[in-house]
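Okay, here's what each chain looks like letter by letter:
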Amino acid sequence: MTILHFADLHLDARFAWAGAEGTAARRRRQGLRDALTRIVGLAREQNVDALLCGGDLYEHDRATPDTAGFLRRAFADLAPLPVYLAPGNHDWFGPDSLYALVDWSPNVHVFREPRLQPVDLGGGVTLWGAAHCSPTGTGGFFDAFRAQGSGVHLGLCHAAERSGFDEQSGGKQPHAPFHAGDIERAGLAHAFLGHHHRPRDAARHTYPGNPEPLAFGEEGPRGAVAATIAPDGAVTRERHVVARTAVHDLTLDVSGCASREDVRKRLVERVGTRQGVMRLTVEGELQPAVDLREDDLCEALRGRFDALRIRFGDLRADYDLDAIRREPTVRGQFVRDVLAADLAEDETRRVLACGLRALEGRSDLEVP
C-alpha cells in the first residue's frame, strides 16, 4: 500500500513575516493553493491508495468561503481516491470550522475527535486519526492509547515530538506533545504527522514539512511524502518537492560605497536573477555622505519579488570619531558624552550614528 502525506500548508496565511501586503500577499496565498493543486496532481500521478493531511491545512481565523470551495473541489477531483484529514491547532475542528461546514465529497474523511479513531484502509492496514478541537490545550494523542486488532496500524495527527527535536525551542508550542518511543508503545507501525515545519524522517514517524515556504530560514526537502507500507509495517519514503517559490536570505555589505547609486548597483549585482521571497540584511561601514533609505533599496528591486523584507544588521556609520571628539563644537561634545556613557558597544554605535546624522539635519537612515 502506498499513501501520499502532507501537512502544514496554512492556506490563507497572512505572510506579514515577509512584509507582504495587498497584491504581494495575495500572490503568496495563491502560491499555497497552487502547491495543493500540485499535491493532488502528484497523488494521481503516483497512483497512491490514499492522500493524508496531518493538519494546519488552512488558517481557521482567516479561512474564506472561497477557500472552502477550493478545498472541496480539489479533493472531490481525486474521487474515488480516499482523502483523510486530521485537523491541527491552526485548523482545529469545531462547529464553525470548514471541516464542519463544507459539504465534502464522499471520498473525504475528516477526523473529528480529540482521540485516535480507526478507519480501515484495506489490505490489513488500519489508520488511526485524531483532531485538535481547540487551538490550544490538546493533550498527547498517544498517551494511554493502544491500537487494537491485527494487521498494520498507522497514525495520522498533528502533534509535537519532543525528544531530540530542537525546533520546539524556536517558538513552537507543544501541541499534543509526545516522545518518539510513544508510537511503538501505542502499537503503531508508523505515524504520519504535522506541526513541525522542518522535514524529518524518523524510524517510526514522518514530518513532511510545509509544502510551500512560510518563513525565512527554512531548510530541507519539504513537500509531500510518498510512503509505501509493507505487510510487516515497514515504511519506505520518497520525498517530492512541490514548492515553486524560492526563499532567499541575503546579506548586502555596503562598505566602500560612496553614493546611493553605488549601493543600488551593488544590490542588483548581489541579488542577480533571484526571484520569489527575499529578506535582505544590510551591513558594513556606511560612509557619512551616503543618503540611503529603505525605500531606495525596495525601489531598486521593484517587481522582482513576491515579498521583500529589508533589515539593517551590523551597519556602522564610517565617521572619524577621534577627529570629531576633538572638535570644540556641539558635535564634538555629543561624541565625547556618548563615549563617556556606560553603554553597550552596539548601543554606543547606534546612538552615535543616529545622533551625528541628526546633527547634520538628516533622517535618511536610522541605524539599528
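Scope of this entry: the structure provided in the associated data block. (Residues numbered from 1 in each chain as written. Predicted model: local features only at pLDDT ≥ 70, side-chain atom pairs only at ≥ 80, totals over all residues. Heavy atoms only, no water.)

## Concerning the overall build of the chain
The cut-off we apply is this: Secondary structure elements are defined from DSSP: runs of H or I of at least 4 residues count as helices, runs of E of at least 2 residues count as strands, and each element is numbered from the N terminus. Each radius of gyration reported is based on C-alpha atoms, and the globular scaling rule is 2.2 Å times the count of residues to the power 0.38. Exposure classes here rest on a 1.4 Å probe applied to the protein chains alone. A residue is buried below 20% of its type maximum, exposed above 50%, and partly exposed in between. We call two residues contacting when some pair of their heavy atoms lies within 4.5 Å. What sets the accessible areas is the Shrake-Rupley method with a 1.4 Å probe; for residues, cover comes only from the shown protein chains.
For the chain, the count of helices and strands is nine helices and 17 strands. Scaling as 2.2 N^0.38, a compact globule of 368 residues should have a C-alpha radius of gyration of about 21 Å, whereas the chain reaches 26 Å, well beyond that. Along the longest, intermediate and shortest principal axes, the C-alpha atoms of the chain span 90 × 40 × 35 Å. The buried share of the chain, reckoned over its 368 residues, is 50%. For the chain, the share of sequence-separated contacts (at least 6 apart) that also reach a separation of at least 24 residues comes to 69%. Total accessible area on the chain is roughly 16800 Å²; 46% of this is exposed by carbon and sulfur atoms.

## Examining helix H2 (residues 65-76)
Where we set the bar: To estimate the expected span of a helix, count its residues, drop one, and scale the result by 1.5 Å. By arc we mean the arc of the directions from the helix axis to the C-beta atoms, nothing more.
Compared with an ideal rise of 1.5 Å per residue, which puts 12 residues at 16 Å, H2 spans 16 Å between its outermost C-alpha atoms and is within 8% of the ideal. Residues Thr67, Ala68, Phe70, Leu71, Ala74 and Phe75 constitute the buried set of H2. The arc that holds every buried residue of H2, seen down its axis, measures 165°, which confines them to one face. Exposed residues lying more than 90 degrees from the buried face of H2 are Pro65 and Arg73. Its buried side turned inward, H2 meets helix H1 (22-46), strand E2 (50-53), strand E3 (83-85), helix H3 (98-101) and strand E4 (108-110).

## Thoughts on the sheet that holds strand E1 (residues 2-6)
The condition that has to hold: Strands are treated as partners if at least two bridges between them are detected by DSSP. Axis geometry follows a simple rule: fit a line to the C-alpha atoms, using only the stretch in contact for helices, then measure angles between N-to-C directions, giving values from 0 to 180 degrees.
Read from one edge of the open sheet, six strands run E4-E3-E2-E1-E13-E14, paired in mixed fashion. A strand with exactly one partner marks an edge of an open sheet, and here the two such strands are E4 and strand E14 (235-240). Taking the axes of each pair of neighbouring strands and ignoring which way they run, one obtains an average angle of 20° across the sheet.

## Some points on unusual backbone geometry
Here the amide bond leading from Ala79 into Pro80 is cis, since omega sits at 10°, within 30 degrees of zero. On the secondary structure map, Pro80 appears in the loop between H2 and E3. Positive phi, normally seen in glycine, also occurs at His195, with a value near 120°. Its location among the elements puts His195 in the loop between strand E10 (190-194) and strand E11 (200-201). By relative accessible area, His195 is classed as buried at 2%.

## Description of the packing of helix H8 (residues 330-340) against helix H9 (residues 345-359)
Note the following rule: Any angle between 65 and 115 degrees counts as roughly perpendicular, while under 35 counts as roughly parallel, over 145 as roughly antiparallel, and the rest as oblique. The handedness criterion is simple: a crossing whose near helix is rotated anticlockwise from the far helix by less than a right angle is left-handed, and one whose near helix is rotated clockwise is right-handed. Nonpolar residues are Ala, Val, Leu, Ile, Met, Phe, Trp, Tyr, Cys and Pro. Charged residues are Asp, Glu, Lys and Arg, and all others, Gly as well, are polar.
The contact between H8 and H9 brings their axes to 10 Å, and the two run at 170°. Relative to H9, H8 is oriented roughly antiparallel. Handedness of the crossing formed by H8 with H9: right-handed. Across the interface between the two elements, Val330, Arg331, Phe334, Val335, Val338 and Leu339 of H8 pack against Thr348, Val351, Leu352, Gly355, Leu356 and Leu359 of H9. Looking at the contact of H8 with H9 residue by residue, the classes come out as nine nonpolar, two polar and one charged.

## Structural notes on the environment of Arg62
Position of Arg62 among the secondary structure elements: in the loop between E2 and H2. Distance in space between the C-alpha atoms of Arg62 and Asp12 is 6.0 Å, their sequence separation being 50 residues. Each residue touching Arg62, except ones within four places of it in the same chain, is listed here: Asp12, Ala13, Arg14 and Arg29.

## Some details on the state of the cysteines
To keep things clear, this is the line we draw: Two cysteine sulfurs form a disulfide in these notes if their separation is within 2.5 Å.
Within this structure, the stated rule accounts for zero disulfides. Of the cysteine sulfurs around Cys53, a residue in no disulfide, the closest is that of Cys157, at 12 Å. As a non-bridged cysteine, Cys298 has Cys257 as the owner of its nearest cysteine sulfur, 17 Å distant. Among the residues examined, Cys298 registers a relative accessible area of 24% and is labelled partly exposed.

## A word on the packing of aromatic side chains
Convention followed: Here is the rule: rings of Phe, Tyr and Trp (six-membered ring for Trp) pair when centre to centre is within 6.5 Å. Planes less than 30 degrees apart are stacked, more than 60 are edge-to-face, and the remainder are tilted.
All chains considered together, the criterion is met by six aromatic pairs. One aromatic cluster is present, built from ring pairs that chain together Tyr58, Phe75, Tyr99 and Trp104.

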